[in-house]
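# Coordinate inspection notes
Residue strings, one per chain:
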Amino acid sequence: MAHMLFIEPDRKLAEVYAQTFNESGHSTQVASSAQSAILAVDDQLPDVIILELQLIEHSGVEFLYELRSYPEWQTIPVVVLSNIPPNEFDSSHDLLMNELGVRAYHYKPRTSLTKLLSVVQEHVAVKA
Amino acid sequence: MARTGANNSAILSQQLLLSVTEQLKVPLLQIAREAEHGQLSGTTDPVKIQLTAESALQLIDNYALGVRLNLEQSQLEIEPVSVASVLYDTGQQLDSVAKSYGVDLELNIAGRFGPVMAHREGLQAALVSLGTSLIEALPALQTKQLTLQLATHRCRYGIVAGVYADIEKLSSETLRQGRRLQGKARQPLATLTHNSGAGVFVADAILQAMDLELKVSRHHRLYGLGTVLQPSQQLQLV
């Protein structure tokens with residue numbers, strides 16, 4: 001069992017992700033913006049963060065810069081689950097994966113709940 | 001010169017189409033995940049799926065109406081219309097979407113204004129588009145209250161009809177920049193919504209076809225999007 005933080009601005013999607021993970025035995029927290037996500041991490045350290053890059057006002061990339069600026073949060077696994085196709089981030093691949101410590105990038109329309117559950121399981125297992 | 005104008009118009013319509021297709025990914029994704037969750041848990045919520053599908057259909061309908069009105073601009077039936085009645089019907093149409101996003105809908109039609117000149121179906125579609133966009137964005141906007149108000153008031157230039165919420169960051173600059181970035185950026189209205197903001201641009205296109213303008217406006221302490229309508233002169237002859 002892991003504690004997950006979903007950073008997802010769409011309320012309906014956030015609900016269905018949280019519900020699915022709760023039913024699979026994980027605990028979840030949802031943040032709809034970069035600011036509230038930082039507060040959520042501070043409130044309870046997540047085992048994995050699932051991050052949408054398209055957020056209102058501050059983007060997911062800005063969130064990552066903020067998150068990684070705190071030494072104690074530098075190793076929290078972050079999985080990007082975004083509506084932005086990964087090829088649009090080709091030129092920023094190094095920045096995301098190496099500098100900002102993103103473990104995996106998944107395109108939301110092509111990532112089923114089952115796939116997401118297995119991705120998270122993988123990162124929780126790596127951590128353990 | 002005319003050719004450049006035609007090219008610009010074609011590019012603009014392609015940008016709007018791109019924005020709508022991006023926006024449609026949201027309800028389709030919600031339906032796909034909701035259905036998958038139903039399979040995994042054995043508890044499908046058909047009402048949720050139905051409401052989401054209906055909101056996608058609404059977007060398509062409003063987009064199509066915008067295109068049609070722009071094509072038939074010269075024969076548009078502009079008639080005296082009651083703003084209060086349009087806002088009431090808009091509220092009815094938005095009710096289920098608002099509930100599904102946990103947003104309270106309020107109707108403020110306190111002022112007694114006479115009819116305005118508008119294309120009724122177009123005006124209502126524009127307000128529904130704007131309302132849906134704000135409803136979808138509100139939960140992520142960190143506002144104190146999840147409330148959307150459909151309201152009308154008199155201003156120096158006519159009667160304003162619009163949708164309002166506690167969104168301080170909504171400014172004319174947000175809208176100007178959004179129009180510039182529409183179809184070019186994934187989030188043209190980055191301080192207002194996390195998606196393509198198609199509802200706002202569809203409303204913009206519908207209002208343009210009616211020779212009206214989408215504007216950022218204020219209603220009491222709320223900020224919102226609406227349009228200024230001209231009072232019907234026909235009534236004054238009676």
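Preceding this paragraph is the structure being described.
Below, the structure is looked at part by part. As the structure is a computational prediction, the values presented were derived from the model and not from experiment. (Residues numbered from 1 in each chain as written. Chains lettered and ligands numbered in written order. Predicted model: local features only at pLDDT ≥ 70, side-chain atom pairs only at ≥ 80, totals over all residues.)

### Digging into helix α6 (residues 198-209) of chain B
Residue and element names in this part refer to chain B. What counts is decided by this rule: Counting from the N terminus, the helices are DSSP H or I runs at least four residues long and the strands are E runs at least two residues long. Expected helix span is computed as 1.5 Å times (number of residues minus one). Residues are called buried when their C-beta atom has 20 or more other C-beta atoms within 10 Å, exposed when it has 12 or fewer, and partly exposed otherwise; all C-beta atoms are positioned from the backbone.
Here α6 spans 16 Å end to end across 12 residues, near enough to the 16 Å set by a 1.5 Å rise per residue. In terms of burial, α6 is a largely internal element, 11 of the 12 residues being buried. Here α6 has its buried residues at Ala 198, Gly 199, Val 200, Phe 201, Val 202, Ala 203, Asp 204, Ala 205, Ile 206, Leu 207 and Ala 209. Where α6 terminates, the next one or two residues include Asp 211, which has phi positive at roughly 65°.

### Focus on the pairing of strand β6 (residues 214-219) of chain B
As a reminder of what qualifies: Strand pairing is defined by DSSP finding a minimum of two bridges between the two strands.
Pairing of β6 of chain B with strand β7 (residues 222-229) of chain B, which is carried by 6 bridges, proceeds in the antiparallel orientation. Bridge pairing in β7 of chain B places Arg 218 of chain B opposite Tyr 223 of chain B.

### Focus: the sheet that holds strand β3 (residues 48-51) of chain A
Strand pairs in the sheet, formed through backbone hydrogen bonds, run parallel or antiparallel to each other. All names here are of chain A. The condition that has to hold: Simply put, an axis is a line fit to the C-alpha atoms, just over the touching stretch for a helix, and the angle between two N-to-C directions goes from 0 to 180 degrees.
The 5 strands are arranged β2-β1-β3-β4-β5 in an open sheet whose pairing can be described as parallel. Every other strand in the sheet has two partners, leaving β2 (27-31) and β5 (102-107) as the edge strands with one partner each. Between one strand axis and the next, the sheet turns through 20° on average, direction left out of account. Bridging between strand β4 (residues 78-82) and β5 involves 5 bridges; their strand directions are parallel. Residue pairing across strands places Val 78 opposite Val 102, the latter belonging to β5.

### Section: the interface of chain A and chain B
Here is the rule we go by: Here the contact rule is simple: place C-beta atoms from the backbone, and any two residues whose C-beta atoms are within 7 Å are in contact. For this classification, the nonpolar set comprises Ala, Val, Leu, Ile, Met, Phe, Trp, Tyr, Cys and Pro, the charged set comprises Asp, Glu, Lys and Arg, and every other residue, Gly included, is treated as polar.
Between chain A and chain B, the residue contacts involve 23 residues of the former and 25 residues of the latter. Residue assignment for the side of chain A that touches chain B shows that the elements contributing at least two residues are α1 (11-23) and α2 (34-43) of chain A. Element by element, the count of residues in the side of chain A that touches chain B is highest for α1 of chain A, at 7 residues. Class assignment for the residues of the side of chain A that touches chain B results in 8 nonpolar, 9 polar and 6 charged.

### Regarding the pairing of strand β5 (residues 158-165) of chain B
Residues and elements named next belong to chain B. β5 sits mainly inside the fold: 7 of its 8 residues count as buried. As defined by bridge partners, strand β4 (residues 147-155) adjoins β5 across 7 bridges and the pair is classed as antiparallel. Looking at the pairing, Cys 155 lines up with Gly 158 of β5. By the bridge criterion, 7 bridges tie β5 to β7 in an arrangement that is antiparallel.

### A look at the packing of α2 of chain A against helix α3 (residues 60-68) of chain A
Each pair of packed helices can be described by the angle between their axes along with the distance between the axes. All names here are of chain A. Inclusion rule: For classification, angles of less than 35 degrees are called roughly parallel, those exceeding 145 degrees roughly antiparallel, those between 65 and 115 degrees roughly perpendicular, and all remaining angles oblique. For a crossing to be left-handed, the near helix must be turned anticlockwise from the far one by less than a right angle; the clockwise case is right-handed.
Viewed as axis vectors pointing N to C, α2 and α3 meet at an angle of 30°, and their least axial separation amounts to 10 Å. The pairing of α2 with α3 is recorded here as roughly parallel in orientation. Viewed along their axes, α2 and α3 form a crossing whose handedness is right-handed. Of α3, the residues touching α2 (which contributes Ala 34, Ala 37, Ile 38 and Val 41) are Glu 62, Phe 63, Glu 66 and Leu 67.

### Remarks on unusual backbone geometry
Unlike most non-glycine residues, Glu 57 of chain A shows phi in positive territory, near 70°. Among the structural elements, Glu 57 of chain A can be located in the loop between β3 and α3. On the basis of neighbour counts, which here come to 17 C-beta atoms within 10 Å, the residue Glu 57 of chain A falls in the partly exposed class. One non-glycine residue with positive phi stands out, namely Asp 211 of chain B, at about 65°. Here Asp 211 of chain B lies in the loop between α6 and β6.

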